[in-house]
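# Summary of structural features
Listed here are the chains, written in short residue letters.
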Amino acid sequence: MIRLALVVTAKDLRLFLRDRAALGMSFALPLVLATIFGAALSSMAGGGRAQRVEVAFEDLDGSAESQALQADLARSAALTLQVRTEVRARVQRGAEPAAILVPAGFGEDVRAGRKPRIVLYRDPAKEIELQILTGSLVPVLMRSAGPGVAKELMRRGMEAMGFPAGMRAAAESMFDGSKQPADGGGETSNPFDFSKDGASALGLHVEDVAGGVNAGRKAAAGAHAIAGIAVMMLLFGLTACGGTILEEAQSGTLQRVQLTPHAGASILLGKALFTMSVGLAQLVVLFAYGGLVFDVPVLRAPGALLVHSGATAAAAAGFGLLLAVSCRTRKQLEGLSTLLILTMSALGGSWFPLAVVPAWFRTIGHFTLNAWAMDGYQGVLWYGKDLGGIALEVAVLLSIAAVTGGVAWHRWRHRFERIR
Amino acid sequence: MSSPEDRPLAVRVEGLVKAYGAARAVDGLSLAVRRGECLGLLGPNGAGKTTTIRILSTLAAPTSGRVEVLGLDPGRDAARLRARIGVVPQEIALYEGLTGAENLEFFGRLHGLSGARLAERVAAALGDAGLADRAGDRVAVYSGGMQRRLNLVAALLHEPDLVFLDEPTVGIDPQSRHHVFALVDRLRARGATIVYTTHLLGEVERLCDRIVILDHGRVIAEGTLDELRRRASGVSGRGARLDAGARVGEALGVLRAAGIEVRVEEDLPGLEDVFLTLTGRALRDEDGA
């Protein structure tokens, strides 16, 4: 029995080793994905060179105190401070994940011992950047706002976390001699939440400005997830559609079609139209679902969304057809497409936002159509960009469609149409 | 009706060569098929039958030699020629996910049929295939015989002048084979020229006017069945004159006097005839699923 089992094992091993698609899926794909995720996650976790977050900074006060705050922020290892104007609009259109506005009167407040007011504009879609930003911002603000604010912040935190009164008093005594904040801050029964209580205690007025009427983490996560899944599944779906060429070649129906008088160019064109139609339908269903279930703002710029989806479907259709006419068999196509699409999806931001990875990773990612498709979708869905705002993304996707479609056409003619 | 020899040529091939690298799939082949004729193309695997048909039907280009089909050059006039030929491939070249009628409509449209003419041709083809009552079923649930018959009529929708049939009866039961034969008979009655390849020699006997046997890419024998038989038995050119109404005994005497060996055998029906007599000729269409 064991001997026969070994015979079966040896046979399966022989078949497996001769199946390049199975080998690729078993060994190459995991290695490629592990490399991509390893590179992305180690950067996000601060391994080696920590990821720096770009923050726009606008100073309407121009006092020594506001300039000191700017200098302090600029020294932060996690932040790259960009001095800009109209910072609210910049965050709104996705130029930076966050912006700090120092209003007029900041210096005066600090000098008078009042809680100074600072505005933080945020893009809720950039959650990871915002966490890095918050971590860097707190100590700077505590230093700039003075010990009274720090004492108030600590008091609220300890109270919310249930420290006994004695311990709270002992801790507060460390701030002896410090001035109390002007408005003091009342008792709260809510658990401590820095984004609300901490920010308020530090005089930070937080405003989420991107994402339109549905601004919020759920909608932001939904917009990315839906767009990411849509682009990745579009590639899988349309490659499968392109694969019908190979099925038909194998079954003989393609030859039968070719034997009709004027089939020629119509065959590949018909396949391309079919593939694009399926792609568009797939996108419509997914975004409708995203709108209904995750509040993804699909109707913010419907015209731009439709054009961008058309360009994305065209690029994916070109990619699928090129893969199909480049493979000998359906099985080969399935193996190669899985390897390529999962790699492209990981590199191109379908799984996690490219904003959280280093610049070199983003550059590589933009060699995939996924990255351009994702940029366009984020632009339309989250930042409400119109067609002009996503012209570059649409142009790149249409170029990808033209190049992949052109090469597919050339290979098709060479392989299927040329009478040899 | 004119005799076969007087009819113009439907296919003329002279010195045809098709080489793949150093290997020659067709090596100096010459043959002619007259209009309205049914030619049986025989040969073992690798003899060059399929390559020859691919060249004649515009799917492959010859390395050298002259080819003319229905007065056209398959290389230069592919589109015009494709409108006038029908090719029944050996494989079932149909869309399993479509119904029988949908398959025929699709191929009919590609041949330029539309409207009432298309509907008429599709209905006729379904009738010819014996599938009128199963037209709305998907091909995937058809039996092997049903698929074969649909495969055949799908190549005839545009009423081609020349039909290439590549082993059209592989894997089907005698009833369906009998039905295919009847279809070929109707094609012949319509005046179509037929090139029929098969490994089943009985089919050639039953259907073809003339036979060409290929081997190693060349014609090694050509003629009617009787001519080939005589050639094979070495009695070509020997004969004896019998008076009309001669009795069997007298006839045997005359033949023996002419030096012709005579063997008397009982003319028994073939196994297929026995099978069809016992089981009937009606089609047995059970689902293939």
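This structure is a prediction, so every number in the text was calculated from the model and none was measured.

## So, the overall build of chain B
Within chain B, the secondary structure is distributed over ten helices and nine strands. For chain B, the proportion of its 289 residues judged to be buried stands at 44%. Within chain B, counting contacts between residues at least 6 apart in sequence, those at least 24 apart form 66% of the total.

## Side note on the packing of helix α5 (residues 144–153) of chain B against helix α6 (residues 174–190) of chain B
Each pair of packed helices gets described by two things: the angle between the helix axes and the distance between those axes. Residues and elements named next belong to chain B. Following both chains from N to C, one finds α5 and α6 inclined at 15°, their axes separated by 10 Å at the closest point. The angle between α5 and α6 falls in the class roughly parallel. With respect to the hand of their crossing, α5 and α6 are arranged in right-handed fashion. Of the residues in α6, those touching α5 at Gly 145, Arg 149, Leu 152 and Val 153 are Ser 176, His 179, Val 180 and Leu 183. Looking at the contact of α5 with α6, its residues break down into four nonpolar, three polar and one charged.

## Comments concerning the environment of A:Arg156
Residues and elements named next belong to chain A. Of note, Arg 156 is situated in helix α7 (residues 147–160). Overall, Arg 156 belongs to the buried group, its relative accessible area being 12%. Along the chain, Arg 156 and Arg 168 lie twelve residues apart, while their C-alpha atoms are 9.6 Å from each other.

## As for the side chain of A:Thr275
Residue and element names in this part refer to chain A. Along the chain, Thr 275 falls in helix α13 (residues 264–294). Thr 275 gets classed as buried once you look at its relative accessible area, which sits at 0%. In terms of polar contacts, Thr 275 uses its side chain to reach the backbone carbonyl oxygen of Lys 271, at 2.5 Å. Leave out the neighbours within four places in its chain, and Thr 275 touches Leu 238, Cys 241, Gly 242, Ala 317 and Leu 321.

## Focus: the domain arrangement of chain A
Residue and element names in this part refer to chain A. As far as domains go, chain A holds domain 1 (53–210) and domain 2 (217–419). The interface is formed by twelve residues belonging to domain 1 together with eight residues belonging to domain 2. Buried surface at the junction of domain 1 and domain 2, summed over both partners, amounts to about 830 Å²; 60% is from carbon and sulfur atoms. Here domain 1 and domain 2 share zero salt bridges between them. Our enumeration of links across domain 1 and domain 2 arrives at two residue pairs in polar contact (both at pLDDT 80 or more). Contributing elements (two or more residues each) for the side of domain 1 that touches domain 2: α4 (87–92) and α6 (127–145). Grouping the amino acids of the side of domain 1 that touches domain 2 by side-chain chemistry returns five nonpolar, two polar and five charged.

## Focus on the pairing of strand β3 (residues 98–102) of chain A
Residues and elements named next belong to chain A. For β3, a buried count of five out of five residues is recorded, marking the element as mostly surrounded by other parts of the structure. Side-chain alternation along β3 places Ala 98, Ile 100 and Val 102 on one buried face and Ala 99 and Leu 101 on a second face that is also buried. As paired strands, strand β1 (residues 53–59) and β3 are joined by five bridges and run parallel to one another. Bridge pairing in β3 links Asp 59 to Val 102.

## Re the side chain of A:Ser309
Residues and elements named next belong to chain A. Here Ser 309 shows up in helix α14 (residues 302–326). The class of Ser 309 is buried, set by a relative accessible area of 6%. Those residues in contact with Ser 309, other than ones at most four positions away along the chain, are Leu 280, Leu 283, Phe 287 and Tyr 377.

## Observations regarding unusual backbone geometry
In this structure, A:Glu86 takes a positive phi of about 50° despite not being glycine. Here A:Glu86 shows up in the loop between β2 (79–83) and α4. Even without being glycine, B:Glu159 reaches a positive phi, approximately 50°. Following the sequence through the fold, B:Glu159 ends up in the loop between α5 and β6 (162–166).

## Description of the nonpolar core
If you look at the biggest cluster of nonpolar residues, it comprises 56 residues, and the most contacted ones within it are A:Phe287, A:Phe361, A:Leu369 and A:Tyr377. Of all the secondary structure elements, the ones that give two or more residues to this core are α2 (20–44), α10 (217–242), α13, α14, α15 (330–347), α17 (369–382) and α18 (391–417) of chain A. Filtering out sequence-adjacent residues up to four positions away, A:Leu369 remains in contact with A:Val231, A:Leu235, A:Ala315, A:Ala316, A:Phe319, A:Met344, A:Leu397 and A:Ile400. Among the nonpolar cores identified, the runner-up in size contains 55 residues, and B:Cys38, B:Ala135, B:Ala154 and B:Tyr196 belong to it.

## Topic: α17(A)
Residues and elements named next belong to chain A. Taking 1.5 Å of rise per residue, 14 residues should cover 20 Å, and α17 covers 19 Å from first to last C-alpha, within 8% of that figure. Extensive coverage of α17 is indicated by the burial of 13 of its 14 residues. Positive phi appears at Gly 384, one or two residues downstream of α17, with a value of about 65°.

## Section: the pattern of salt bridges
Residue and element names in this part refer to chain B. Applying the stated rule across the entire model yields 28 salt bridges over all chains. Between Asp 161 and Arg 84 there is a salt bridge, with its nearest N and O atoms 3.0 Å apart. Here Arg 84 lies in the loop between α2 (78–82) and β5 (85–88) and Asp 161 lies in the loop between α5 and β6, a separation of 77 residues in the sequence. Classification of Asp 161 by relative accessible area gives partly exposed; the value is 34%. Accessibility expressed as a relative area gives 27% for Arg 84, which makes it partly exposed. Of the charged contacts, one joins Arg 117 and Glu 159 as a salt bridge, the two residues approaching to 2.5 Å between their closest N and O atoms. Placement of the pair is Arg 117 in helix α4 (residues 115–128) and Glu 159 in the loop between α5 and β6, with a sequence separation of 42 residues. Classification of Glu 159 by relative accessible area gives partly exposed; the value is 31%.

## Some points on the sheet that holds β3(A)
All names here are of chain A. One open sheet holds the five strands; their spatial order is β2-β1-β3-β4-β5, and the pairing between them is mixed. Where the open sheet ends on each side, the last strands, each with one partner, are β2 and β5 (204–208). Geometrically, the sheet is characterised by an average inter-axis angle of 25° between neighbouring strands, direction not taken into account. Across five bridges, the pairing between strand β4 (residues 118–122) and β5 is parallel. Bridge pairing links Arg 122 to Asp 208 in β5. Packing against the sheet, helix α3 (residues 64–74) makes contact with β1, β2, β3 and β4, and its axis sits at approximately 170° to β1.

Rules used throughout
Residues numbered from 1 in each chain as written. Chains lettered and ligands numbered in written order. Predicted model: local features only at pLDDT ≥ 70, side-chain atom pairs only at ≥ 80, totals over all residues. Heavy atoms only, no water. Helix = DSSP H or I, 4+ residues; strand = E, 2+ residues; numbered from the N terminus. Buried < 20%, exposed > 50% of the residue type's maximum accessible area, 1.4 Å probe, protein only. Contact = heavy atoms within 4.5 Å. Axes fitted to C-alpha atoms, helices over the stretch in contact; angles between N-to-C directions. Parallel < 35°, antiparallel > 145°, perpendicular 65-115°, else oblique. Left-handed = near helix turned anticlockwise from the far one by under 90°. Nonpolar A, V, L, I, M, F, W, Y, C, P; charged D, E, K, R; others polar. Polar contact = N/O pair within 3.5 Å; in protein donor to acceptor, adjacent residues only side chain to side chain. Domains from an automatic or database assignment. Buried area = accessible area lost by both parts, 1.4 Å probe. Salt bridge = Lys/Arg side-chain N within 4 Å of Asp/Glu carboxyl O. Pairing = 2+ DSSP bridges. Core = buried A, V, L, I, M, F, W, Y, C linked by side-chain atoms within 4.5 Å. Expected span 1.5 Å × (residues − 1).

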